Structures are given as C-alpha cells and as structure tokens.
Amino acid sequence: MKNKNSKNTEWLQKIRFNSWELEILLVGFVLVILFQVPDKIQVWSTTKMFYNSSLTSTVDFLINHAVTPIAAVALSSIIHIIIISLILYLILRGFWIAVIGLSSAFPDGINISRLNFFKKYEERLIAADFEKMSLGMDKVCSSIFAFAFLLITLVTTMMMLVIYLFLIIAVLFSLTDSITIILSSGIIYLLASLFYLFDIVTFSLLKKIKWKYFAKPYYYFYTFFHFITLGFIFE
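Note that residues are indexed from 1 along each chain, following the sequence as it is written. Since the coordinates come from a predicted model, pLDDT governs what is reported: local features require at least 70, and pairs of side-chain atoms require 80 or more to be given and counted, while whole-chain, interface and lining totals use all residues. Neither water nor hydrogens contribute to the side-chain values; these are computed over all heavy atoms in the structure.

Undergrad: So, the pattern of salt bridges: which residues are in play, and what are the values?
TA: A pairing counts as a salt bridge when a side-chain nitrogen of Lys or Arg comes within 4 Å of a carboxyl oxygen of Asp or Glu. One pass over the full model with this rule turns up two salt bridges. Here Arg93 makes a salt bridge to Asp138, at a shortest N to O gap of 2.9 Å. Linking Arg93 in helix α3 (residues 58-105) with Asp138 in helix α6 (residues 130-175), this pair joins segments that are 45 residues apart in sequence. Asp199 is the salt-bridge partner of Lys207, the closest N and O atoms lying 3.1 Å from each other. Whether a residue is buried, partly exposed or exposed follows from its accessible area with a 1.4 Å probe, protein chains only, as a fraction of its type maximum: under 20%, in between, or over 50%, in that order. Classification of Lys207 by relative accessible area gives partly exposed; the value is 38%. Helix and strand definitions follow DSSP, with helices as H or I runs of at least four residues and strands as E runs of at least two, each counted in order from the N terminus.

Undergrad: An account of the packing of helix α7 (residues 179-201) against helix α8 (residues 212-228) is requested, with residue identities and associated values reported.
TA: Contact geometry for α7 and α8: axes closest at 11 Å, N-to-C directions at 100°. Our classification of the angle between α7 and α8 gives roughly perpendicular. Between α7 and α8, the residues in contact are Tyr189, Ala192, Ser193, Phe195, Tyr196 and Asp199 and Phe214, Tyr218, Phe221, Tyr222, Phe225 and His226, respectively. Simply put, an axis is a line fit to the C-alpha atoms, just over the touching stretch for a helix, and the angle between two N-to-C directions goes from 0 to 180 degrees. Between 65 and 115 degrees an angle is taken as roughly perpendicular, under 35 as roughly parallel, over 145 as roughly antiparallel, and anywhere else as oblique. Note on contacts: a residue pair qualifies if any of its non-hydrogen atoms lie within 4.5 Å across the two residues.

Undergrad: Can you explain a nonpolar patch on the surface? Please cite residues and give values.
TA: Without a salt bridge and with relative accessible area above 30%, a residue can belong to a patch; like charges are then joined within 9 Å and nonpolar side chains (Val, Leu, Ile, Met, Phe, Trp, Tyr) within 5 Å. Accessible areas in this description were obtained via Shrake-Rupley with a 1.4 Å probe; residue shielding takes into account the shown protein chains only. A cluster of nonpolar side chains, contributed by Phe173, Ile179, Leu183, Ile187, Leu190, Leu191 and Leu194, occupies part of the molecular surface with about 680 Å² of accessible area. In terms of residue count, the dominant contributor to the nonpolar patch is α7 (six residues). Its location among the elements puts Ile187 in helix α7.

Undergrad: Go over the packing of aromatic side chains, please, and point to the residues and values.
TA: Classification of ring pairs rests on two measures: the distance between centres of Phe, Tyr or Trp rings, Trp counted by its six-membered ring, which must be within 6.5 Å, and the angle between planes, read as stacked under 30 degrees, edge-to-face over 60 and tilted in between. Inspection of the entire model under this criterion finds 15 aromatic pairs. Ring centres of Tyr196 and Tyr222 lie 5.6 Å apart, and the angle between their planes is 45°; on these two criteria the pair is classed as tilted. Of the two residues, Tyr196 is situated in helix α7 and Tyr222 in helix α8; the sequence distance between them amounts to 26 residues. Taken individually, Tyr196 and Tyr222 each receive the classification buried, so the pair is uniform in this respect. Members of the aromatic cluster, connected to one another through ring pairs, are Tyr189, Phe195, Tyr196, Phe214, Tyr218, Phe221, Tyr222, Phe224 and Phe225. Charges are assigned to positions over rings by a cutoff of 6 Å between ring centre and Lys NZ or Arg CZ, combined with an angular limit of 35 degrees from the ring normal. One residue, Arg93, lies across the ring of Trp96, its end atom 4.6 Å from the ring centre.

Undergrad: Account for unusual backbone geometry, naming residues and giving values.
TA: The residue Ser204 is not glycine, and still its phi comes out positive at about 65°. In this fold, Ser204 is placed in the loop between α7 and α8. Its identity is not glycine, yet Leu230 carries a phi of approximately 65°, on the positive side. Overall, Leu230 belongs to the partly exposed group, its relative accessible area being 31%.

So this is what it looks like as structure tokens:
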C-alpha cells in the first residue's frame, strides 16, 4: 500500500513539474481564439443597438442602449485582461526556460574567473543564482493567472452592479412617474454598491470589523450583493 501511494505521489510530482509544457500549448491555442473574440463582441453590440434603435419603450431603450453596451465593454475588458495575462505568461515562461537552459548548460554556475571582468561586475555575477531565479520566475508565472482572475472578478462585479442599476431605473420608470422616487432609489443603490466595492478593493477590510452591531448586518448585506453579482461562482 505504501509503495502504491509512493508511486502515485511521484507521478503527481512529475506531472506538476512538467505541466509547463502543456500550459504553453494551451496558452498558445487559447490566444489564437481570444484574439478573434473582441471584434465579435463589438459586432454583436453594434448590431443589437442598430436593429433596436427604433424602440420607444423606456425599459427597452435602457436595456439596448445602456445594459448592452456596458455588458459588451465588460466582456471585451475581460477578454483583453486574459489576452494580456497570457502574453505576459508566455514571455516570462520563455525567460524561465532560458534560465533553466543556462543552469543545465552550466551546472556549476558562471565561471567568473574566465570572464576577467572588473571586480564590481564580478560581484554582481556572483549574486546571480540560476536555481533561485528559476524558482522565482516559476512562482511569478503561476501567480499571473490568479491576478488575472482577480481582475476578471472585479470587472464582472462592477458590470453586474451597473446593469442592476439601469434595470432598477427601468423598472421604476415603468411603475411611477416620480423623478424623486427614481433618483432616491438609484442613489441609495449606488451608495450600497460603492460600499460593497470598497470591501472588495480593500481585500475584505470591512469583513475584518468584529463590532457586532456592524458585523452582523454587514454579513447579510454582503451575502446579498455577493449573490446578485455572481460572487458565489468565483468563490
């Protein structure tokens, strides 16, 4: 049993250490597809607005001329974040491969004496550690995806909050003619949304407050916004 577990552990470690090869192939393949997506989103948004430009209903007007462009911009932003992240990943991973290649070609490190450099330059080369550098670059490459996912979460949350704002205004327009009620409701929702965004941007600063008269109400407040912005999916 122990031998079987040991073999499984070795196999998993081998897969983990060699996963970068598969990562590069997948990243290249995904990039080819993603470069074509922003134009498709723009065409979809423009077409939808053009064919529905004659609509006179307030709700339809807000959906087609506010919600649709916002969704298109958000989706386009998400795609560009992914593209930039993947390109940065390929560049850094290429540098990482170069460092690995150097460490393989020169396992004993740099032969500084043969370079015959000035002492100050030699001190800089002595500090260079291929193994430490490769491990650092590997961590950075792995962290790129996490950072990109964080940005995508933030963009999606902002998109959902803005879309809900326009939907609330559209519904209120269909129910009442009172500008005061519409503006008051919009402002209250906007302030609540900014309060929720502040907690996200500050990495859950508000959730660290343990004063019960704030923490308990805020828990239900956060849970509600977390649900309507699809935060549970990202979580």
